[in-house]
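# What the coordinates show
Spelled out from the first residue to the last, the chains are:
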Amino acid sequence: MLSNKIGDTITFQFNGTGIKLYSYKAYICGIAKVTIDNETYSIDTYSPSAIAKALILDKNDLVPGNHTVTIEITNTKNTSAKDFNFVLDSIEVLE
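Not measured: the values here are computed from a predicted model. (Residues numbered from 1 in each chain as written. Predicted model: local features only at pLDDT ≥ 70, side-chain atom pairs only at ≥ 80, totals over all residues. Heavy atoms only, no water.)

### A short note on the sheet that holds strand β2 (residues 9-16)
Here we have four strands laid out as an open sheet, ordered β2-β7-β4-β5, and antiparallel in their pairing. Looking at the sheet topology across the chains shown, the edges are occupied by β2 and β5 (39-44). Within the sheet, the average angular offset between the axes of one strand and its neighbour, ignoring direction, is 20°. For β2 and strand β7 (residues 65-73), the ladder comprises eight bridges, and the chain directions are antiparallel. Residue pairing for β7: Thr9 is matched across the bridge by Glu72. (Pairing = 2+ DSSP bridges. Helix = DSSP H or I, 4+ residues; strand = E, 2+ residues; numbered from the N terminus. Axes fitted to C-alpha atoms, helices over the stretch in contact; angles between N-to-C directions.)

### Some points on the pairing of strand β4 (residues 31-36)
Within β4, five of the six residues are buried, which leaves it mostly tucked inside the rest of the structure. The pairing of β4 with β5 spans six bridges and is antiparallel. Among the inter-strand pairings, Thr35 is bridged to a residue of β5, identified as Thr40. Sheet analysis places β4 next to β7, joined by five bridges and oriented antiparallel. Bridging across to β7, Val34 finds its partner in Ile71. (Buried < 20%, exposed > 50% of the residue type's maximum accessible area, 1.4 Å probe, protein only.)

### Side note on the side chain of Lys59
Among the structural elements, Lys59 can be located in strand β6 (residues 51-59). On the basis of relative accessibility, which here comes to 11%, the residue Lys59 falls in the buried class. Side-chain polar atoms of Lys59 contact the side chain of Tyr41, separated by 3.2 Å. Apart from the residues within four sequence positions on either side, Lys59 is in contact with Thr17, Gly18, Ile19, Ile36, Glu39, Tyr41 and Leu94. (Polar contact = N/O pair within 3.5 Å; in protein donor to acceptor, adjacent residues only side chain to side chain. Contact = heavy atoms within 4.5 Å.)

### A short note on the nonpolar core
Grouped together as the largest cluster of nonpolar side chains are 17 residues, with contacts concentrated most on Leu21, Val34, Ile36, Val69 and Ile71. Elements supplying a minimum of two residues to this core: β2, β3 (18-25), β4, β5, β6, β7 and β8 (86-94). In contact with Val69, not counting residues within four places along its chain, are Ile10, Thr11, Phe12, Phe14, Ile19, Val34, Thr35 and Ile36. (Core = buried A, V, L, I, M, F, W, Y, C linked by side-chain atoms within 4.5 Å.)

### Considerations on the environment of Gly7
Summarising the element assignment, Gly7 is placed in the loop between β1 (2-3) and β2. Setting aside chain neighbours within four positions, we find Gly7 in contact with Glu72 and Ile73.

### Section: the environment of Leu88
Position of Leu88 among the secondary structure elements: in strand β8. Leu88 sits in the buried class, given a relative accessible area of 12%. In sequence terms Leu88 and Ser23 are 65 residues apart; their C-alpha atoms lie 4.6 Å from each other.

### Details of the sheet that holds β1
With antiparallel pairing, the four strands of this open sheet are ordered in space as β1-β8-β3-β6. Unpaired on one side and paired on the other, β1 and β6 mark the two borders of the sheet. Relative to β8, β1 runs antiparallel, the two sharing two bridges. Residue pairing for β8: Leu2 is matched across the bridge by Val87.

Right under this line is the structure:
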C-alpha cells in the first residue's frame, strides 16, 4: 500500500496470534490509523531521514484465530512532516 490520499484504507484478514507491520518512514510520511479487531492505534511514520522496512506495530498477544486489520490514511501528521504519505512495506503474521 502506498497512498497519501486522506481516507484511503486497506483491510485484510489473517489467522494467528499476532502481527508485525513494517513501513517506510521519512519526512514525507504522516500518521496512519491501524485497527486490529476494533482496537485502534495511531502510527506516526515520520522520520527526518528515510528508513525502509521499519517496524511500526508489533501486536503479539491476540487470541489464536482469525483477525481483521484496517489501515487508514489520516489527515494528521507530525509537525515536521511534509505530507501524509503511508507506505506499507510488509506484514509478518505470528502463529
